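Each chain, letter by letter, is given below.
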Amino acid sequence: MIAIIDYDAGNIRSVEKALLYLGQEVKLTRNPEEILGADRAILPGVGSFGDAMEKIRGYGLEEVIREFAASGKPFLGICLGLQLLFPESEESPGVKGLSILHGKIRRIPEKGPDGVERKVPQIGWNDISINPDSRLFRGIEDKSYVYFVHSYYLDAENKAEVAATTEYGVTIDCSVESGNVFACQFHPEKSSDTGLMILKNFIEI
């Protein structure tokens, strides 16, 4: 069973639908026993870093998420769920994240080092450069396109954990893998066949 951690964030139902389409048993839950008893867990989300951490703490889920991530069972963060795994975000100064992984969550600059202005948030399809050793992207061609909706991005501390990057004025670490913990800044559940293959790879880990 895959537990989708429910903390009132947006976009949870689309993740559930994608997993059901792949034939998985799914439980949308904030019950600690159900989460910790699951074979896999997913932390999805769309929204602001500060509001999300407030809800996670309000529902008593902070230590549950940390415990699951430390359990060795596959764990996946999606979009805001990736950002929450890190210590802090420029979006919500002073708010502490989950600190499961290490790096900086920065705002996408409207004008990159190349001097070209870009719309923020980034909304739409972009290609990704894939680390060939990645388990999450097994069988997926380099430069495949996935769907993004975000204003903030990860600058990972440990570049060996970066599974994929994309370019949007700056280099964005758009997926990471650290042991049993995986995360994507983009939305695999909205990324057509490529996204379904990413989710299938996660299910098979």
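Use the structure listed above.
In what follows, the accompanying structure is described. Quantities reported herein were computed from a predicted structural model and do not represent experimental measurements.

So, about the packing of aromatic side chains. On inspection of all chains with the given rule, the structure shows five aromatic pairs. Here phenylalanine 68 and phenylalanine 75 contribute two aromatic rings whose centre-to-centre distance is 6.2 Å and whose plane-to-plane angle is 45 degrees, an arrangement assigned as tilted. Residue phenylalanine 68 shares its accessibility class with phenylalanine 75, and that shared class is buried. Pairing phenylalanine 148 with phenylalanine 186 gives two aromatic rings, centres 5.8 Å apart and planes at 70 degrees, and the pair type is edge-to-face.

Read from one edge of the open sheet, eight strands run E2-E1-E3-E4-E12-E11-E10-E7, paired in mixed fashion. Two strands in the sheet have a free side with no partner beyond their single neighbour: strand E2 (26-29) and strand E7 (129-130). Contacts from helix H4 (residues 62-69) reach strand E1 (2-5), strand E3 (40-43), strand E4 (75-78) and strand E12 (181-184) within the one sheet, and its direction differs from that of E3 by about 130 degrees. Docked against the sheet, helix H6 (residues 192-204) engages E1, E3, E4 and E12, running at close to 140 degrees with respect to E3.

Nonpolar side chains in soluble globular proteins generally cluster together in the buried interior. Ranked by size, the top nonpolar core spans 68 residues in total, and within it Leu84 and Phe137 carry the most contacts. Beyond its immediate chain neighbours, meaning those up to four positions away, leucine 84 contacts Tyr7, Leu43, Phe49, Ala52, Met53, Ile56, Gly97, Leu98 and Ser99.

Here we take up the pattern of salt bridges. Within the structure shown, the criterion is met by 17 salt bridges. The partner of glutamate 34 in a salt bridge is lysine 27, and the shortest N-O contact between them spans 3.8 Å. Judged by relative accessible area, which is 30%, glutamate 34 ranks as partly exposed. Among the salt bridges present, the one from lysine 159 reaches aspartate 173, with a minimum N-O distance of 2.7 Å. In this pair, lysine 159 is assigned in the loop between strand E9 (152-156) and strand E10 (162-167) and aspartate 173 in strand E11 (residues 171-178), connecting sequence segments 14 residues apart. For aspartate 173, a relative accessible area of 4% puts it in the buried group. Ionic contacts of the salt-bridge type, sharing partners, join the residues Glu90, Arg106, Asp155, Lys159 and Asp173 into one network.

Let us now look at helix H3 (residues 49-58). Those residues of H3 not exposed but buried are Phe49, Gly50, Ala52, Met53 and Ile56. Around the axis of H3, the buried residues are gathered within 165 degrees of arc, so they sit on the same side. More than 90 degrees from the buried face of H3, the exposed residues found are Glu54 and Gly58. Those residues of H3 that are buried lie in contact with H4 and helix H5 (80-83). Phi turns positive, to about 70 degrees, at glycine 60, one or two residues after H3.

Conventions and cut-offs
Residues numbered from 1 in each chain as written. Predicted model: local features only at pLDDT ≥ 70, side-chain atom pairs only at ≥ 80, totals over all residues. Heavy atoms only, no water. Phe/Tyr/Trp six-rings, centres within 6.5 Å; stacked < 30°, edge-to-face > 60°. Buried < 20%, exposed > 50% of the residue type's maximum accessible area, 1.4 Å probe, protein only. Pairing = 2+ DSSP bridges. Helix = DSSP H or I, 4+ residues; strand = E, 2+ residues; numbered from the N terminus. Contact = heavy atoms within 4.5 Å. Axes fitted to C-alpha atoms, helices over the stretch in contact; angles between N-to-C directions. Core = buried A, V, L, I, M, F, W, Y, C linked by side-chain atoms within 4.5 Å. Salt bridge = Lys/Arg side-chain N within 4 Å of Asp/Glu carboxyl O. Arc of directions from axis to C-beta.

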